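The residues making up each chain are set out below.
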Amino acid sequence: MNNYQGERVPKENLETFVEEIFLKAGLDEEQSKLIARHLVFANLRGVDSHGVSRVGIYTKRLDKNLLNKKFEPVIKRESPVSALIDAQNVSGIPVATYGMELAVEKAKKSGVGIVGINNSNHCGMMADYVKKAVDNDCIAIATTNAPSNMPPWGGKERFFGTNPFSYGVPAGEEANILFDMATSKVARGKILLAEKNKQEIPLGWALSPEGTPTTNASKAVDGVVLPVGEHKGYGIAFLVETLSALFTGAAFGPYIGDLYKELNHSQNVGQFFLVMRADLFQELETFKKRMDQIIREVREVPLMDGAKKIYLPGEMEMETAKEREENGIPLSLEVIDELVQVAQRYDVEPSLIQTYV
Ligand SMILES: NC(=O)c1ccc[n+]([C@@H]2O[C@H](COP(=O)([O-])OP(=O)(O)OC[C@H]3O[C@@H](n4cnc5c(N)ncnc54)[C@H](O)[C@@H]3O)[C@@H](O)[C@H]2O)c1
């Protein structure tokens, strides 16, 4: 019997704990650190669907040798402004981090950096990659394709993934813009988390396997998730698929290995990063001043009935990060339970994340 309760865990404890798990799962120190930092950063920003609730499935796939544990991606094609990386089936987070860093390096030298990655795996929360470019005074777009769970608008069977689209823009005195959305009505991770936490989902997020709207998270997991904004979300998902997979040579749509269900082969996901130095057209200071101006003016638009405030893209997550940095990261009992089980498998001490009653 576990006598602990789901409560707040300090960020540092969670990071140390997750890092140790990935080390024991066979990854080197650098990859383990990158994955731990990325997942905990997602939780810190309130993107719990892409945080430590992924430790279970990531380690399960490592245990089954479905990923290459040795970090050995290869640059297959290169120009001063671009690179195509064959990830060689390593973990998605470390190779996507490497890909974005390479795109930033190229943008700093040549103005623009475009990096495509094929033969990759699930890489988590796209905002993390975009932030790396923004922190280097660049504008960036990041996409990845994902296992098929969403129909094209008008269809009822899975074809596209929930294909996230993320962009970031540096500002001056104001906070940088960091937008990051699944092209489905919600990220499928939110439905998986609701299932794990035994919660219902709002109507309109997904269809059951029979094709009817459902609030049952398990039925939604077996069914399809719907595109955001109907044909418009489908249109953006198509672009994300094109950039991440058709352009890079990765598998597309139904040919991607499902992270959870297909535990007998690799995923072959693709990622795409476009980074542009923010001073390409104007002096950096001028650009940033204008970004500050638009941010302030947007914020001051009169509110519609019922609204309390206008948020800028990424602002909510920033507020959550500030609060969780101070008070710790809330984890549900279900997520803690799963982490404890993984810890036991690898003989990792779970007390770092347990809050005893
Ligand atoms: N790696 C993968 O395969 C994969 C697949 C799908 C999604 N994801 C990730 O899932 C995460 C969650 O996606 P989501 O679509 O559920 O995010 P979301 O709907 O919570 O937020 C989307 C964006 O809208 C902004 N936003 C939210 N409410 C706002 C408001 N009231 N005013 C202004 N802006 C607002 C947020 O800051 C965010 O940038 C993302 O980090 C994404 O990268 C990853």
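Since the structure is predicted, the reported quantities are computational estimates derived from the model, not experimental observations.

A. Structural detail: the nonpolar core. Formed by 65 residues in total, the largest nonpolar core has its most connected members in Val52 and Phe273. A per-element tally of this core places helix α4 (residues 92-110) first, with eight residues. Once you skip the residues sitting within four places of it in the chain, phenylalanine 273 turns out to touch Ala96, Gly99, Met100, Ala103, Gly113, Ile114, Val115, Ile117, Met126, Tyr129, Ile141 and Ala142. Formed by 14 residues, the second largest nonpolar core is a distinct cluster that contains Met150, Ala194, Ala220 and Val225.

B. Highlighting the pairing of strand β11 (residues 269-277). Relative to β11, strand β5 (residues 112-120) runs antiparallel, the two sharing seven bridges. Counterpart to isoleucine 117 in the pairing with β11 is glutamine 271. In this sheet, β11 lies alongside strand β6 (residues 138-144) in antiparallel orientation, the contact comprising seven bridges. In the sheet register, cysteine 138 faces β11, and the bridge partner there is arginine 277.

C. Highlighting the site of the ligand. As a structural note, the neighbourhood of the ligand is formed by 22 residues, with Gly124, Asp180, Ala182, Gly314 and Glu317 the closest of them. A distance of 2.5 Å separates an oxygen atom of the ligand from a polar atom in the side chain of aspartate 180. The separation between an oxygen atom of the ligand and a polar main-chain atom of alanine 187 is 3.3 Å. In isolation the ligand has 870 Å² of accessible area, and contact with the protein removes 79% of it. Those elements that place two or more of their residues in the shell around the ligand are β8 (177-181) and α10 (315-327). Residue contributions to the shell around the ligand peak at four residues, all from β8.

D. Spatial organisation of the pattern of salt bridges. The full count for this structure, using the stated rule, is 19 salt bridges. The partner of aspartate 135 in a salt bridge is lysine 131, and the shortest N-O contact between them spans 2.8 Å. Its relative accessible area of 46% is what places aspartate 135 among the partly exposed residues. Taking the relative accessible area as the measure of exposure, lysine 131 reaches 29% and is therefore partly exposed. Linking lysine 288 and aspartate 137 is a salt bridge whose minimum nitrogen-to-oxygen distance equals 2.8 Å. With a gap of 151 residues between them, lysine 288 in helix α9 (residues 284-299) and aspartate 137 in the loop between α5 (127-134) and β6 connect regions that are remote in the sequence.

Basis of the calculations
- Residues numbered from 1 in each chain as written.
- Predicted model: local features only at pLDDT ≥ 70, side-chain atom pairs only at ≥ 80, totals over all residues.
- Heavy atoms only, no water.
- Core = buried A, V, L, I, M, F, W, Y, C linked by side-chain atoms within 4.5 Å.
- Buried < 20%, exposed > 50% of the residue type's maximum accessible area, 1.4 Å probe, protein only.
- Helix = DSSP H or I, 4+ residues; strand = E, 2+ residues; numbered from the N terminus.
- Contact = heavy atoms within 4.5 Å.
- Pairing = 2+ DSSP bridges.
- Near = heavy atom within 4 Å.
- Polar contact = N/O pair within 3.5 Å; in protein donor to acceptor, adjacent residues only side chain to side chain.
- Areas by Shrake-Rupley, 256 points an atom, 1.4 Å probe, with all protein chains shown as cover.
- Salt bridge = Lys/Arg side-chain N within 4 Å of Asp/Glu carboxyl O.

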